[in-house]
Amino acid sequence: MIRILLAEDDDVMREYLARALTSAGYHVTAVDRGTEAVPYIDSGTFDLLLSDIVMPEMDGIELAQHTAKVAPQTQVMFITGFAAVSLRAEENVPQAKLLSKPFHLKDLVREVDNLFGRADRSSQQ
């Protein structure tokens, strides 16, 4: 099963995202800040880091850079509602996917499905 580490500081958004991805068949571990995600990343057991960019203590860009060092096999996808922050993310972590808020949950699931070659499954839903 594909394992996703979700780092999102907004409680409601984190719950919605985790529920949608779990319903789509992914194993999701959700945390509310970048610093809480670090030990999970260090374990090297996640296929995807799905991270908000703007978070307290450690932002998503710093978390993605840490991920690239210790778990380079882990793919990264950012979610953000700030255009200027999106540009910074693209400059600092160019290999990461970016999904801008607001988005529909089915769009998120489709993007994750595409990332893991499960596009056929998305088109059937």
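The text that follows walks through the structure, step by step, so that each part is easy to find. (Residues numbered from 1 in each chain as written. Predicted model: local features only at pLDDT ≥ 70, side-chain atom pairs only at ≥ 80, totals over all residues. Heavy atoms only, no water.)

1. Thoughts on the overall build of the protein chain
1) Next: Secondary structure assignment for the protein chain yields 6 helices and 5 strands.
2) Next: Going from the N terminus to the C terminus, the protein chain shows its helices and strands as β-α-β-α-β-α-β-α-β-α-α.
3) Next: Within the protein chain, buried positions represent 44% of all 125 residues.
4) Next: Taking the intrachain contacts of the protein chain between residues at least 6 apart in sequence as the baseline, contacts between residues at least 24 apart amount to 64%. (Helix = DSSP H or I, 4+ residues; strand = E, 2+ residues; numbered from the N terminus. Buried < 20%, exposed > 50% of the residue type's maximum accessible area, 1.4 Å probe, protein only. Contact = heavy atoms within 4.5 Å.)

2. Some words on the sheet that holds strand E4 (residues 75–80)
Within a sheet, each strand pairs with its neighbour through backbone hydrogen bonds, oriented either parallel or antiparallel.
1) Next: With parallel pairing, the 5 strands of this open sheet are ordered in space as E2-E1-E3-E4-E5. The open sheet terminates on both sides in strands that have one partner only, identified here as strand E2 (27–31) and strand E5 (97–100). If you compare each strand with its neighbour and ignore which way they point, the axes differ by 20 degrees on average.
2) Next: Across 4 bridges, the pairing between E4 and E5 is parallel. By the bridge assignment for E5, Thr 80 is matched with Ser 100. (Pairing = 2+ DSSP bridges. Axes fitted to C-alpha atoms, helices over the stretch in contact; angles between N-to-C directions.)

3. With respect to the environment of Asp 52
1) Next: Take Asp 52: it is sitting in strand E3 (residues 48–52).
2) Next: Between the C-alpha atoms of Asp 52 and Arg 14, which are 38 residues apart in sequence, the distance is 9.6 Å.
3) Next: Ignoring any residue separated from it by four or fewer positions in sequence, one finds Asp 52 in contact with Ala 7, Glu 8, Asp 9, Gly 60, Ile 79, Thr 80 and Lys 101.

4. Let's talk about the packing of aromatic side chains
1) Next: Evaluation of the coordinates by the stated rule reveals 2 aromatic pairs.
2) Next: Ring centres 6.4 Å apart and planes at 45 degrees place the aromatic pair Tyr 26 and Phe 116 in the tilted group. Of this pair, Tyr 26 sits in the loop between helix H1 (11–23) and E2 while Phe 116 sits in the loop between helix H5 (105–115) and helix H6 (119–124), and the two are 90 residues apart along the sequence.
3) Next: Take Tyr 26: its relative accessible area is 2%, and that puts it in the buried class.
4) Next: Look at Tyr 40 and Phe 46: their rings are 6.1 Å apart centre to centre, the planes differ by 85 degrees, and that puts the pair in the edge-to-face class.
5) Next: A relative accessible area of 34% means that Tyr 40 is categorised as partly exposed.
6) Next: Overall, the relative accessible area of 3% leaves Phe 46 in the buried class.
7) Next: Directly above the aromatic system of Phe 46 lies the positively charged group of Arg 3, at a separation of 4.6 Å from the ring centroid.
8) Next: The ring of Tyr 26 carries Arg 118 above its face, with NZ or CZ at 4.4 Å from the centroid. (Phe/Tyr/Trp six-rings, centres within 6.5 Å; stacked < 30°, edge-to-face > 60°. Lys NZ or Arg CZ within 6 Å of the ring centre and 35° of its normal.)

5. With respect to the nonpolar core
1) Next: Of all hydrophobic cores here, the largest spans 20 residues; its most connected members are Ile 4, Leu 21, Tyr 26, Leu 50, Leu 108 and Val 112.
2) Next: Looking at this core, the elements with two or more residues in it are strand E1 (3–7), H1, E3, E4 and H5.
3) Next: Those residues in contact with Val 112 that lie beyond four places of it in its chain are Ile 4, Leu 21, Tyr 26, Leu 48 and Met 77.
4) Next: Counting 18 residues, the second largest nonpolar core, distinct from the first, contains Ala 7, Val 31, Ala 37 and Ile 61. (Core = buried A, V, L, I, M, F, W, Y, C linked by side-chain atoms within 4.5 Å.)

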